[in-house]
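Take a look at the letters that make up each chain.
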Amino acid sequence: MVFDTHLHTEISSDSEMKIKDAINKAKDLNIGLIITEHMDLFYPEENKFIFDVNKYFQRYEQYRNDKLLLGIEVGMQIKCADNIEKITENNNFDFVIGSIHMVGGIDIYHPEYYQQAKEDAYNKYFKAMYNCINAFTGIDSLGHIDYIARYATYEDNEMYYEYFQEGYDKLLKSLAQRDKALEINTRRLADPRAIAILLPVYKRFKQLGGKYVTIGSDAHKIGDIGANFAEADKIAQACGLRPVFFKQRKIEYIKKEYYRCDLTLQDI
């Protein structure tokens, strides 16, 4: 079964989605779900983007089965690496996404981060991802590598491989060496230009020894669940990367009948 491995319900500060509505949508799409609520320790606004892990499992354990798994998206900052490790090791998560939302103590969703040159802002973002991948050994997949391109305020927000090759290569090599998955986040894949810009990144991940991708919508609303999965699948197959999901922190391979395997870069 194909899994949407990244979505947020009302437990996350930025979502109002009900888990029962998400389950019904997944049934309509014939896909599985992994709930991945936000855990951003040391967020500058009190009680935002954190949740009570015990209450999370108390509320949602009743829904856990082969088609509904319970994970977490951890916001990676070096200063919270030890705290996050304790949370992920001491709780029964199926899947752990590691993501960068904060750089230098600033949420890069906010325009104030971009009051600097694009090159500086993006290089700091790459450095944060690289440092955190080395510090957060307990994650399963790196989430939305292109997150900064969603919210930057420059005339051109894209993270071109040829412009940021050094940052990309260090990061992708580190992921590959640690046998971590790289998420194909489908949020921006309705845009053919975004696909064209991301393709060299995933191709390079494969060249540097990467094997696996997780595919996640990052849905905060019902209508976004499973969105643009066909495009994500084409990227994975064109680059020779295996779509996977995680259950009980162990890798699960999506059977080949669930995706096409005869695509090349020219097809997209």
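None of the values given here were measured: they were computed from a predicted structure.

A. Representation of the sheet that holds strand 2 (residues 32-39) in the model. Taken in spatial order, the 9 strands line up as 1-2-3-4-7-8-9-10-11 in an open sheet, and their pairing is mixed. Across the chains shown, the open sheet's two edge strands, defined by having one partner strand only, are strand 1 (3-7) and strand 11 (250-253). The strands touched by helix 3 (residues 81-89) are strand 2, strand 3 (68-75) and strand 4 (95-99); relative to strand 3, the strand with the most contacts, the crossing angle is about 175°. Strands in contact with helix 7 (residues 192-207) are strand 8 (181-185) and strand 9 (212-216); relative to strand 8, the strand with the most contacts, it is inclined by about 165°.

B. Structural context of the layout of surface pockets. One number sums up the size of the largest pocket: a volume of about 380 Å³. Lining the largest pocket are 21 residues, and of these Asp14, Phe49, Tyr109, Tyr147 and Tyr151 lie nearest its centre. Looking at the lining of the largest pocket, the element that brings in the most residues is helix 5 (residues 147-151), giving 3 residues. Class assignment of the residues belonging to the lining of the largest pocket gives a composition of 5 nonpolar, 7 polar and 9 charged.

C. Spatial organisation of the side chain of His38. Mapped onto the secondary structure, His38 falls in strand 2. Assessed through its relative accessible area of 6%, His38 is described here as buried. Only 3.4 Å separates the side chain of His38 from the side chain of Asp14, close enough to count as a polar contact.

D. Geometry of the packing of aromatic side chains. Taken as a whole and assessed by the stated rule, the structure comprises 21 aromatic pairs. For the pair Phe57 and Phe93, a centre-to-centre distance of 5.1 Å together with 50° between the ring planes defines the contact as tilted. Linking Phe57 in helix 2 (residues 53-60) with Phe93 in the loop between helix 3 and strand 4, this pair joins segments that are 36 residues apart in sequence. Across the pair, Phe93 and Phe57 agree in class, each one buried. Where Tyr160 meets Tyr163, the ring centres are 5.1 Å apart and the plane angle is 65°; that geometry is what we call edge-to-face. A relative accessible area of 61% means that Tyr163 is categorised as exposed. Members of the aromatic cluster, joined through ring pairs, are Tyr113, Tyr114, Tyr122, Tyr125, Phe126, Tyr154, Tyr161, Phe164 and Tyr168. A cation over a ring is seen here: Lys118 above Tyr122, with NZ or CZ 5.2 Å from the ring centre. Across from the ring centre of Tyr130, 4.4 Å away, lies the NZ or CZ of Lys170, which sits over that ring.

E. Structural detail: the nonpolar core. Tyr56, Met76, Tyr125, Ile145, Tyr168, Ile184 and Tyr202 are the most contacted members of the largest nonpolar core, which totals 78 residues. With 8 residues, helix 4 (residues 118-135) is the single largest residue contributor to this core. With near-sequence residues (within four places) excluded, Tyr202 lies in contact with Ile145, Leu182, Glu183, Ile184, Asn185, Val213, Ile235, Cys239 and Leu241. Core analysis: the next-biggest nonpolar cluster, separate from the first, contains 11 residues, Ile34, Phe95, Phe246 and Ile254 among them.

F. The pairing of strand 10 (residues 242-247), seen in detail. The pairing of strand 9 with strand 10 spans 2 bridges and is classified as parallel. Across the sheet, residue Tyr212 finds its bridge partner in strand 10, namely Arg242. This β-α-β element, strand 9 to helix 8 (residues 229-238) to strand 10, shows right-handed connectivity. Relative to strand 11, strand 10 is paired through 4 bridges, and the arrangement is antiparallel. Looking at strand 11, one finds that Val244 is bridged to Tyr253.

G. Spotlight on the packing of helix 4 against helix 6 (residues 165-177). Where helix 4 contacts helix 6, the two axes come as close as 9 Å, and the packing angle between them is 15°. Judged by the angle between their axes, helix 4 and helix 6 are roughly parallel. As helix 4 runs across helix 6, the sense of the crossing is left-handed. Of the residues in helix 6, those touching helix 4 at Phe126, Met129, Tyr130, Ile133 and Asn134 are Gly167, Tyr168, Lys170, Leu171, Ser174 and Leu175.

Reading guide: rules and limits
Residues numbered from 1 in each chain as written. Predicted model: local features only at pLDDT ≥ 70, side-chain atom pairs only at ≥ 80, totals over all residues. Heavy atoms only, no water. Pairing = 2+ DSSP bridges. Helix = DSSP H or I, 4+ residues; strand = E, 2+ residues; numbered from the N terminus. Contact = heavy atoms within 4.5 Å. Axes fitted to C-alpha atoms, helices over the stretch in contact; angles between N-to-C directions. 1 Å grid on protein atoms, 1.4 Å probe; cavity = no way out; pocket = protein on both sides within 12 Å on 5 of 7 lines; lining within 4 Å. Points joined across faces, edges and corners; volume = space filled by probe spheres on them. Nonpolar A, V, L, I, M, F, W, Y, C, P; charged D, E, K, R; others polar. Buried < 20%, exposed > 50% of the residue type's maximum accessible area, 1.4 Å probe, protein only. Polar contact = N/O pair within 3.5 Å; in protein donor to acceptor, adjacent residues only side chain to side chain. Phe/Tyr/Trp six-rings, centres within 6.5 Å; stacked < 30°, edge-to-face > 60°. Lys NZ or Arg CZ within 6 Å of the ring centre and 35° of its normal. Core = buried A, V, L, I, M, F, W, Y, C linked by side-chain atoms within 4.5 Å. Right-handed = clockwise from strand over helix to strand, strands pointing away. Parallel < 35°, antiparallel > 145°, perpendicular 65-115°, else oblique. Left-handed = near helix turned anticlockwise from the far one by under 90°.

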